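Below are the chains, spelled out letter by letter.
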Amino acid sequence: MKTDRTTVPEYLAAAGVVAVATAVCLALRARFAPIDVAMVLLAGVVLVGARYRKGPSLFAALLSILTFDFLFVPPYYRLNANDSGYYLTFGVMLVVALTMGRLTTRVREQREAAAERERHTAALYALDRDLAAAPDTDSLLTAALGHLNKETSGETTVLLADTLGSVGDPCWPHDPPFDQPDVRIAGTWALEHTEPAGWSTENCADAAALLLPLRGTSQTVGLVVIRPADPGTPLSPERLGTVRNLVDIIADAVERRQLAERNERVRVEIEAERLRTALLSSLSHDLRTPLASIEGSASALLDDPGQFGIEDRHDLLEGILAESRRMSRLVTNLLNMIRVESGELSVQRSWQPLEEPLGVALLRMDEPLREHPVTTDLPSDLPLVPVDELLLEQVFVNLLENAARHTPAGTPITVRAWQEPGEVVVEVGDQGPGIPPGEEEAVFGRFYRADPAADPGTGAGLGLTICRGIVTAHGGRIWIEPSHGQGTRVRLSLPVRGVAAGLDPVEVAGEAQDHA
Amino acid sequence: MPNPLILVVEDEPHMRRFLRTTLRANGYHVVEAATAREGLMQAGGRNPDLVLLDLGLPDRDGREVTRELRRATRAPIIVVSARGQEHEKVALLDLGADDYLTKPFGAAELLARIRVALRHSAQPPDALEEPVFLAGGIMVDAIRRQVIRDGEEIHLTPTEYKLLATLVRQVGRVLTHRQLLQEVWGANYTGQTHYLRVYMAQLRHKLEADPTRPRLLITEPGIGYRLREEPARSRIDSR
């Protein structure tokens, strides 16, 4: 039965109904026979019975009997009944009240059970939906905690198996409620028996928390600890059942998620291993080729008994220099690659004219660009861009090196830049064979080579990958502009938001005018 | 200065050999040190005319060594370091080092830096300013505050002129962003690097034939600027 708090109003209501029925009878006493009065009172009892449980309807019946006897059965205003016929009336009233109350209670219980089932289903459904939507284990657990808190009006903690250890383990949390011996005992019991324990259960029921193991298909994946707001009132068996179902769903989801994450880790490791192997083989080739030429030339010069002419010596020395510079660029690129890959690329932006990093790159690439006329077209009103000059210089060096390497000697290279809303776009174009259609995106992948067979030893194919890493770190984009077989045009955009702090273009222009 | 003495502080034996051979072949005396401790001792005892200081010494931090070297000797210090240590290089230059070389570098670059550093150290700081001819047909007349390019006067704003004059006084030497900002704009502006960049760009547009391929006003990425005193002798020497 329900607690007193909920039934007191029902008893009051029952008394009220009887009072109203009595009032009606009193008003019509002159015209009513006692049997009519009994009918009216009976109607009141039926009404109470239909509406409330057994207690209030019995109460209404007794109250009606007393009122009837006291007010409507002669001798009036005394509790006695001369006519034994009235005992039948009293009896009927009691039977009606009991029957009605019983019926009502049953209907209400059925309705409540249906509502509970509906709530249960809804809770499971909502949990399932939220768990499916959670992108990772953390948000999955957060969602699960919310549902369990709602269901139990308590405070829920989930301990996952990999952080759980045994209860004696120092990893086991030392905060409340885990610092209480009975909670620890209940936790141990729950994990050992893979059954709920503690509050609201039959096992270690004194513990101030409900402990439910997260049972996966193969192993226990964790432990749910629910600290109730009111430990004095246990959960109803139905509610406990719902909680257990919720916990099973959570266990299932956690296990699936953990398996998926483990698979993903393995996949990433395999991929990383594959890349390492590719990088190593590519590197050993790309570093050894210039090294071989350096070593060969140097030893030839050293062992020369005097046969080389001045020009031969100069050629060999120039080869050594050019090859060591190539290696130097490759090593710089590799170091940048590692920084991009490891996420350690820290961009130190400062506002500057684009021609500055471009100028440095052109100077550095003076020798490799000897065979290619380079024209630059940067409008004089191009705004300052917030970039890391060393990194942007690397981008230009890589783009210019690619252009020089993949185009026939003598063909021009152009560098253009222009302003677009919110960004500055730079284009490095050449007149070479271009990039095969459909490969415009692939060239930015690691170890891409234009034609591995025909063009060996021309770099580890890292140049554009690094460019993309650097440009992306600046919040920009880099892509190949479709060229329809007319050379290659690499474009990159650099976002320009706001202007350089404290720099007033008017002041700059104004000063220039004053003087001129 | 007959046969200046150069102290090479470098822990890498092959690098020391390259430096020793190159310097001796070009008429310098060389004294070597493999550690900072040894280098500081030599600096005090041998009184070198110039110090080549490697930044990656195993025993001491570069800033400490620079500070102590400055206390021991007035000889110019040229810092030798790898690319990517720009912050450290700037710190050392602001601490009193005179110039730097980024590994790998060629012999021509090394000798040019040494020549410039020795010349500046021989000059008293308040040497009489006289007209300076620069490459590319540029002449800067410090007395008349005039800049002539190919026989025609170029109009510079006061700030542009001040910037150019600062570089001319230290021709051939690197000047950090901070040093230039302090000299031209004042101590309160040392963080405003973009001022410097904008004025440098304007100066290039007025003085350089192709501002994107400067031959005079050289950018030292991440560090500052250098006014080149002569045109690059051959393409292969330029870097």
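Residues numbered from 1 in each chain as written. Chains lettered and ligands numbered in written order. Predicted model: local features only at pLDDT ≥ 70, side-chain atom pairs only at ≥ 80, totals over all residues.

### Thoughts on the overall build of chain A
Here's step 1: Helices and strands together make up the secondary structure of chain A, namely 13 helices and eleven strands.
Here's step 2: Relative to its full complement of 516 residues, chain A shows a buried share of 31%.
Here's step 3: Relative to all contacts within chain A whose residues are 6 or more apart in sequence, the contacts with residues 24 or more apart total 67%. (Helix = DSSP H or I, 4+ residues; strand = E, 2+ residues; numbered from the N terminus. Buried ≥ 20, exposed ≤ 12 C-beta atoms within 10 Å, placed from the backbone. Contact = placed C-beta atoms within 7 Å.)

### Considerations on the overall build of chain B
Here's step 1: The secondary structure content of chain B amounts to eight helices and twelve strands.
Here's step 2: Counting across all 239 residues of chain B, residues that qualify as buried make up 39%.
Here's step 3: Of the contacts made within chain B by residues no fewer than 6 positions apart, 57% connect residues no fewer than 24 positions apart.

### Section: the interface of chain A and chain B
Here's step 1: Of the residues lining the interface, 35 residues belong to chain A; the matching set on chain B comes to 26 residues.
Here's step 2: Breaking the side of chain A that touches chain B down by element, the ones donating at least two residues are α9 (310-341), β5 (350-352), α10 (355-364), α11 (389-405) and α13 (505-515) of chain A.
Here's step 3: The element best represented in the side of chain A that touches chain B is α10(A), accounting for eight residues.

### As for the nonpolar core
Here's step 1: Grouped together as the largest cluster of nonpolar side chains are 58 residues, with contacts concentrated most on B:V9, B:V51, B:L52, B:L53, B:I78 and B:V79.
Here's step 2: The element contributing the most residues to this core is helix α8 (residues 193-207) of chain B, with eight residues.
Here's step 3: For B:I78, the contacting residues outside a window of four places in its chain are B:L50, B:L52, B:L53, B:D98, B:D99, B:Y100, B:L101, B:R113, B:I114 and B:A117.
Here's step 4: Counting residues in hydrophobic clusters, the runner-up holds 40 residues, among them A:V395, A:F396, A:A403 and A:I435. (Core = buried A, V, L, I, M, F, W, Y, C linked by C-beta atoms within 7 Å.)

### Here's the deal with the sheet that holds strand β11 (residues 489-495) of chain A
Note: strands within a sheet are paired through backbone hydrogen bonds, in either parallel or antiparallel orientation.
Residues and elements named next belong to chain A.
Here's step 1: A sheet is described by the order of its strands in space; here five strands give the open sequence β6-β8-β9-β11-β10, paired in mixed fashion. Two strands close off the open sheet at either side, each with one partner strand: β6 (374-377) and β10 (477-481). When the angles between neighbouring strand axes are averaged without regard to direction, this sheet yields 15°.
Here's step 2: Relative to β11, β10 runs antiparallel, the two sharing five bridges. Counterpart to I478 in the pairing with β11 is L492.
Here's step 3: Strand contacts of α11: β8 (413-420), β9 (423-430) and β11, with the helix running at about 25° to β9, the strand carrying the most contacts. (Pairing = 2+ DSSP bridges. Axes fitted to C-alpha atoms, helices over the stretch in contact; angles between N-to-C directions.)

### Thoughts on the pairing of strand β3 (residues 210-215) of chain A
All names here are of chain A.
Here's step 1: Most of β3 is tucked away: five of the six residues are buried.
Here's step 2: Across two bridges, strand β2 (residues 197-198) lies against β3 in antiparallel orientation. If you follow A197 over to β3, its bridge partner there is L211.
Here's step 3: The pairing of β3 with strand β4 (residues 220-228) spans six bridges and is classified as antiparallel. Among the inter-strand pairings, R215 is bridged to a residue of β4, identified as T220.
Here's step 4: Connecting the antiparallel pair β3 and β4 is a turn made up of four residues.

### Description of the sheet that holds strand β1 (residues 154-160) of chain A
Residue and element names in this part refer to chain A.
Here's step 1: Within the open sheet, the four strands sit side by side as β1-β4-β3-β2. Their pairing is antiparallel. Each edge of the open sheet is held by one strand with a lone partner, namely β1 and β2.
Here's step 2: Bridge analysis of β1 against β4 gives seven bridges, and the strand direction is antiparallel. Opposite T157, over in β4, you have V225 as the bridge partner.
Here's step 3: Its contacts with the sheet place helix α5 (residues 137-152) against β1 and β4, and it is angled at close to 145° to β1.
Here's step 4: Of the strands in this sheet, β2, β3 and β4 are in contact with helix α7 (residues 181-193), which crosses β3 at around 25°.

### Re the confidence of the model for chain A
All names here are of chain A.
Here's step 1: In this model, chain A carries a mean pLDDT of 80, and residues with pLDDT of at least 70 account for 86%.
Here's step 2: Across residues 453-460, where pLDDT falls below 50, the model places 13 contacts with residues more than four positions away in sequence or in other chains.
Here's step 3: Note that pLDDT drops below 50 for residues 504-516; the model gives that stretch eight contacts with residues more than four away or on any other chain. (pLDDT = per-residue confidence, 0-100.)

### Looking at the environment of B:L156
Residue and element names in this part refer to chain B.
Here's step 1: Take L156: it is sitting in the loop between β9 (152-153) and α6 (158-169).
Here's step 2: For L156, a count of 24 C-beta atoms within 10 Å corresponds to the buried category.
Here's step 3: Expressed as a C-alpha distance, the spacing of L156 and K206, which sit 50 residues apart in the sequence, is 8.1 Å.
Here's step 4: The contact partners of L156, leaving out residues within four places of it in the chain, are V147, Y161, L164 and K206.

### Regarding the packing of α11(A) against helix α12 (residues 463-473) of chain A
Residue and element names in this part refer to chain A.
Here's step 1: α12 packs onto α11 with a crossing angle of 150° between their chain directions and a minimal axis gap of 9 Å. With respect to α12, the element α11 is oriented roughly antiparallel. Between α11 and α12 the crossing geometry is left-handed. Contact with α11, carried on its side by L391, Q394, V395, N398, L399, E401 and N402, involves G463, L464, I466, C467, I470 and V471 of α12 and no other residues of that element.
Here's step 2: For the contact of α11 with α12, the residue count by class is eight nonpolar, four polar and one charged. (Parallel < 35°, antiparallel > 145°, perpendicular 65-115°, else oblique. Left-handed = near helix turned anticlockwise from the far one by under 90°. Nonpolar A, V, L, I, M, F, W, Y, C, P; charged D, E, K, R; others polar.)

### As for the confidence of the model for chain B
When pLDDT is low, close inspection of the predicted coordinates is not appropriate.
Residues and elements named next belong to chain B.
Here's step 1: Chain-level statistics for chain B give a pLDDT mean of 86 and a share of 90% at 70 or above.
Here's step 2: Taken as a whole, residues 231-239 scores under 50 in pLDDT and shows 17 contacts with residues more than four places along the chain or in a different chain.
Here's step 3: Here the prediction assigns the complex a pTM of 0.60, and the interface score ipTM is 0.84.

### Describing α5(A)
At 3.6 residues per turn, the α-helix brings residues three or four places apart onto the same side.
Residue and element names in this part refer to chain A.
Here's step 1: With 16 residues, α5 extends 22 Å between its outermost C-alpha atoms, agreeing within 8% with the 22 Å of an ideal straight helix rising 1.5 Å per residue.
Here's step 2: Of the residues making up α5, those classed as buried are L140, L141, A143, A144, H147, L148, E151 and T152. End-on, the buried residues of α5 take up no more than an arc of 160°, which puts them together on one face.
Here's step 3: The positive-phi residue at the C-terminal boundary of α5 is S153, with phi of around 50°. (Expected span 1.5 Å × (residues − 1). Arc of directions from axis to C-beta.)

### Brief notes about the pairing of β8(A)
Residue and element names in this part refer to chain A.
Here's step 1: Of the pairings in the sheet, the one linking β6 to β8 comprises four bridges and is parallel in character. Within the sheet, the bridge partner assigned to T376 lies in β8 and is V415.
Here's step 2: As paired elements, β8 and β9 share eight bridges and run antiparallel to each other. Residue pairing in the sheet places E420 in a bridge with E423 of β9.

### Quick notes on unusual backbone geometry
Excluding glycine, residues mostly carry a negative phi; peptide bonds, for their part, are mostly trans.
Here's step 1: Omega for the bond connecting B:K103 with B:P104 falls within 30 degrees of zero, at -5°, which places this linkage in the cis form.
Here's step 2: Note on placement: B:P104 falls in the loop between β5 (99-103) and α5 (107-122).
Here's step 3: Positive phi values are uncommon outside glycine, yet A:T194 reaches one of about 45°.
Here's step 4: With respect to the helices and strands, the residue A:T194 is situated in the loop between α7 and β2.

### A short note on the packing of helix α7 (residues 177-184) of chain B against α8(B)
Residue and element names in this part refer to chain B.
Here's step 1: Where α7 meets α8, the axes come as close as 10 Å, and the angle between the chain directions of the two elements is 80°. In terms of orientation, α7 and α8 fall into the roughly perpendicular class. Residue-level contacts link H177, L180 and L181 of α7 to T193, Y195 and L196 of α8.
Here's step 2: For the contact of α7 with α8, the per-class residue count stands at four nonpolar, two polar and no charged.

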